[in-house]
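Each chain, written out:
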Amino acid sequence: METVGDSVPNGTAPPRTTLDIVKERFKEDEVILSIFDAYQIIGHEYTNRLLALVSSASGGTFAIIAFSYLRTPPLTTVNELIINKVFAIDSSFQIRQDSMGSINTQQFDLSTAEDGPFKYYYFPTESSNYEDFHAKITSCQRSMAQYDPEAVLNFRWLNDYRQIGEVKQELKKRESEYIVYEDIHIFCATWNVNNKPCGDGENPLRSWLGHTAQPPDIYAIGLQELYAPAKAMAYEMVKTTQMGGIEKTWIDKIMASLHPDAKYEVLGTQRLVATMLTVIVRQQIRPQITRCRLKTVARGVFNALGNKGGVGISLQLNEGNLCFINSHLAAHMANVEERNADYNAIVQGMTFDDGRTISDHDHIFWVGDLNYRIQEPPGQQRPGPMSDAQTYELLLQYDQLRQEMQRGKCFEGYTEGDIKFRPTYKYDPGTDTYDSSEKQRAPAYCDRVLWKGTRIEQLAYNSIMEIRQSDHKPVYAVFRVKIKTRDAVKYKRVQEEVLKAVDKRENDNQPQINVEKTVIDFGSVRFNEPVTQNFTVFNNCPLPVDFSFKEKDIHAICEPWLHVDPRHDSLLIDSARSIRLKMHVSVRTIAGLLRKIRQSDNFDILILHVENGRDIFITVTGDYQPSCFGLSMETMCRTDRPLGEYTQEQIKQLINDDSPEYRVTMPREFFLLIDFLYKQGPKQEGAFPSYDSRQSLGSQFNLLRDWLDSWSDEPFPVNAETAAQALLLLLDLPEQALLEPFVEDLLTCSNKSRAMDYISLLSPPKRNVFMHLCMFLRAGIESQYYDLQQVASIFGRILLRSGECTAWMDYHSRCVQFMRLFIDNDMESLGNGNDGAGSGDRTAGLQA
Amino acid sequence: MSKVWSVVNKMHERIDYLIEKCPNMTAAPYNYNYIFKYIIIGDMGVGKSCLLHQFTEKKFMANCPHTIGVEFGTRIIEVDDKKIKLQIWDTAGQERFRAVTRSYYRGAAGALMVYDITRRSTYNHLSSWLTDTRNLTNPSTVIFLIGNKSDLESTREVTYEEAKEFADENGLMFLEASAMTGQNVEEAFLETARKIYQNIQEGRLDLNASESGVQHRPSQPSRTSLSSEATGVKDQCSC
């Protein structure tokens, strides 16, 4: 699996193996045992994965971390690895070769209790040896199995890989660059107060708590057997105010007795019946404490009453996690096993509600009346009042706690300092004399302070003889702890670097596609002649890319005369796709295109959008070759040469021209069509061709278009049907209806002379076209070539097609009615009998 | 309105929770508290893309090709201990793209309006860019005027004072900068972010509005108040 990263660009850098690169992803105390190339099977897709089998020294456990690649392998930098899946190798972890009906044996599943199975496929190569990978995993599983099945495996180190963001992960990895260690003095104390009050005076405990050379930063003070009225032993009752008052009295006295050279505040106090732990911190370090959680574990009668048990406080100071436990374990010489059981129960039960257990802390301090006794060496029960070190040593040989710790029965991993003080139990209250009562209890080191964790140094460990109200003597220990702390300046620098790297990675890995060209030129584009252009988009970035044409207006990615295919697609790495762009200046789109041409020098700009990346603008241009279709009557009357000879730019000027001067009275194209149809009249007997604007125009139509747009001398090229169609289009395609802007007025006119008032207000070309058209139709109807009703209906709707009136209920009949004013001879003679001569003139005009 | 926002917040918390609980999603963590959207606008050739490049890469891009479309860059910055992800849209300056680029103004929290101090025409067009910006963004959008190419003192056509007056009259923030030397580039982007953040703090920016250009990601619940946790636990009985 030693794939050499072969894409190192300059020859000077030593080639790094994939393993070298993957290593950068992990912390110093984490070792990569093996890496393995595989594909994860998701549905029908196989996706590149890199599996790393990793062991953690701090956790003492193993895991497989599956990475996905940001770029196509081979790997060149660690930034290209994204954590995809984390498998803790615990008792539920399974690696199974897939044999379930698969044709392929090169598959395996990984699963844990929470997850899976996830299917992987591998391609056997010399460097990628599944047997080797599998064997290493199996050996990790075996070494895990050696642990007590009950033991909780520590997979906390994996949280750095599965729960936190990229930036945090990177920061964690570079911890060594900004972590410094700050000395903190911790004063741990324990005292079984034997239900006695705390004593009189302002600071009765000063000799115990306030005597160190320099003020401690943290006090953790554990008390046992706080005064509890016998009736109130039941837990619920003791919780109430009576006990709260006692708790407060004690804390007040404690606060008054602390080191006088610093200001303190209580961080937290936790009490289980008569066992109380209070953590007090210097005010100046209080802001550095970011977390504090409390917890109790009850033991004693029925393991629930809480007369015995433990209380704990967990806190985070800067980057260090500290845990303090105060416990009162089972009493009496013989109950060693009970004490061990109490200890284990507290360890099991002490899970703070953020999920942290005692062992999840960097620094653990355990104080309390642990009640371990001195296993009677005959004749040695009572050390003299001035015992020397030898006496303590002798006593401690028989100390149950030390014995049990040696046997691995309790306090595994904990350390205790040398004991250089007299047994702290049991004294006659008020004296330094050991129990003189009938019971004659043997002296013992019941009250202890132990610690576990790194960078802890004990500075003092002693008892206080002169505090005498209890049958126990108070005990204290002072520690210097090096707390992990962020150096603010260094941290900021590293953080900036990390952020920069993350930004760079994001910017560098932006999906990108290239387009063959950003200007698509259709060249010459003509009315009713669809043209297509293809262009290629290709993905030359290292990621699969999704692209789409972005909607610019509501639901439209392009102007209606364009059609894009495909509108969206996915491009695999190094693949290309041809985009087909079709332009069709049709009956439906001509008006819009002419409007566009008036304002712009392009047909459209498309937005090619790359998912999570940049947008590319694609400009669509070409030369629209002008034609009479779609132009207004006014524009056509301004031409001085065939429309086919105009350029797009010239037609743009022509369209934008709104002077009232015209070269001809009516468009030549219109006149020619009417002329032809008039002459064809007899052949068109009975019907004007029906007209549907959506129907496609045949090739015949284009012949006519060219004939009209070139002022050709050739004979009329098409039949009457096509000519009629062209006539209708000529009237229907311009943006403005012929009778605009008087459509509404005209539809409400009841007689011709009233209507004529409006008609006379139309621009001369429109007016002339209208009158000429009506004469032609009237003549046709008169000769019974056309059906009056049909013609009135068709032309009415075209000439009066705009505005809100089209929604009127009687719009259609009003159109017909209006047309009849002008084309129905009966109506004509009825309404305006004196117009006969005029109409005769104009009919003559048709024949010219 | 505040009720709606609390629901949105809850939703975000839920998403954060799901992301924490769902290891498959580790690839998409939130590295930031806010996202601010910026647009960079101004005439062709004033150096918009170079400013973006200088800001994200701390490098000058010589021979920068014309932007035909909208480029996109991100950078995470810190304002007042909050991580803010700037999502910067660098638009094409060519006149013919003017209409298309208008669709990108929407939802910008910050607009960097750039002119070239050595070409007066680019300065003269500012009022038209400003009109677009005012019409197409919301009233709280922070507009920052940048006079780019401040390194080209010898061919200067627009004085600092003149532009400063224009900026003051129109209530714009203003700096002369150089994408070439990097001078004031960082400042312009960061000042804009600070101003936006200040607007949020002072309640001038409605985070609920879809067009505020700001997305909020509540930080993960790692540092909740100590006292509430402590009392919360105190009341629990362990037996």
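Residues numbered from 1 in each chain as written. Chains lettered and ligands numbered in written order. Predicted model: local features only at pLDDT ≥ 70, side-chain atom pairs only at ≥ 80, totals over all residues.

1. Side note on the sheet that holds strand β12 (residues 289–299) of chain A
All names here are of chain A. Formally: Two strands qualify as a pair provided that DSSP identifies no fewer than 2 bridges between them. Note on conventions: DSSP H or I runs of at least 4 residues are helices, E runs of at least 2 residues are strands, and numbering of each starts at the N terminus. Note on geometry: axes are C-alpha line fits, over the in-contact stretch for helices, and angles between N-to-C directions span 0 to 180 degrees. Contact between residues is assigned whenever the C-beta positions, reconstructed from backbone atoms, fall within 7 Å.
Ordered in space as β12-β13-β14-β15-β16, the five strands form an open sheet in which the pairing is mixed. Single-partner strands in this sheet number two, and they are β12 and β16 (447–453). Ignoring strand direction, the axes of neighbouring strands in this sheet form an average angle of 15 degrees. Pairing geometry for strand β15 (residues 363–369) and β16, over seven bridges, is antiparallel. When the bridges of β16 are listed, Trp-366 appears paired with Leu-450. Across the sheet, helix α8 (residues 336–349) lies against β12, β13 (308–317) and β14 (320–328), angled at about 140 degrees from β12, the strand it touches most.

2. Points about the confidence of the model for chain B
Residue and element names in this part refer to chain B. Using the following cut-off: pLDDT is a per-residue confidence score from the predictor, ranging from 0 to 100.
Looking at chain B, pLDDT values average 80 and 76% of them are 70 or higher. When the criterion is pLDDT under 50, residues 13–29 qualifies, and its contacts beyond four places in sequence or with other chains add up to 18 contacts. Note that pLDDT drops below 50 for residues 218–239; the model gives that stretch 30 contacts with residues more than four away or on any other chain.

3. Quick look at unusual backbone geometry
All names here are of chain A. Residue Lys-426 follows Tyr-425 across a cis peptide bond; omega there is 0 degrees. Turning to its location among the elements, Lys-426 is positioned in the loop between α10 (400–406) and β16. With an omega dihedral of 0 degrees, the bond running from Asp-565 to Pro-566 counts as a cis peptide bond. Mapped onto the elements of the fold, Pro-566 is located in the loop between β23 (562–565) and β24 (568–571).

4. Focus: the pairing of strand β21 (residues 531–538) of chain A
All names here are of chain A. Where strand β19 (residues 514–515) lies against β21, two bridges are found, and the strand directions are antiparallel. Note that in β21 the partner of Val-515 across the bridge is Val-537. Taken together, the eight bridges between β21 and strand β25 (residues 576–583) define a ladder with antiparallel strand orientation. Residue pairing across strands places Gln-533 opposite Leu-581, the latter belonging to β25.

5. Observations regarding the sheet that holds strand β18 (residues 475–486) of chain A
Residue and element names in this part refer to chain A. The mixed open sheet is built from six strands, whose spatial order is β10-β11-β9-β8-β18-β17. Only two strands of the sheet have a single neighbouring strand rather than two, namely β10 (264–272) and β17 (456–463). Direction aside, the axes of adjacent strands within the sheet are offset by 20 degrees on average. Where β10 lies against strand β11 (residues 275–282), eight bridges are found, and the strand directions are antiparallel. Paired with Arg-271 across the bridge in β11 is Met-276.

6. Notes on the packing of helix α2 (residues 48–57) of chain B against helix α7 (residues 185–201) of chain B
All names here are of chain B. Condition: Roughly parallel covers angles under 35 degrees, roughly antiparallel covers those over 145, roughly perpendicular covers 65 to 115, and oblique covers all other angles. Following the grouping adopted for this structure description, the nonpolar residues are Ala, Val, Leu, Ile, Met, Phe, Trp, Tyr, Cys and Pro, the charged ones are Asp, Glu, Lys and Arg, and the polar ones are all others, Gly among them.
Contact pair α2 / α7: the axes reach a minimum separation of 9 Å and the direction vectors enclose 85 degrees. As judged from the angle between their axes, α2 and α7 are roughly perpendicular. Where α2 approaches α7, its residues Leu-51, Gln-54 and Phe-55 are matched on the opposing element by Val-185, Glu-186 and Phe-189. Broken down by class, the residue content of the contact of α2 with α7 amounts to four nonpolar, one polar and one charged.

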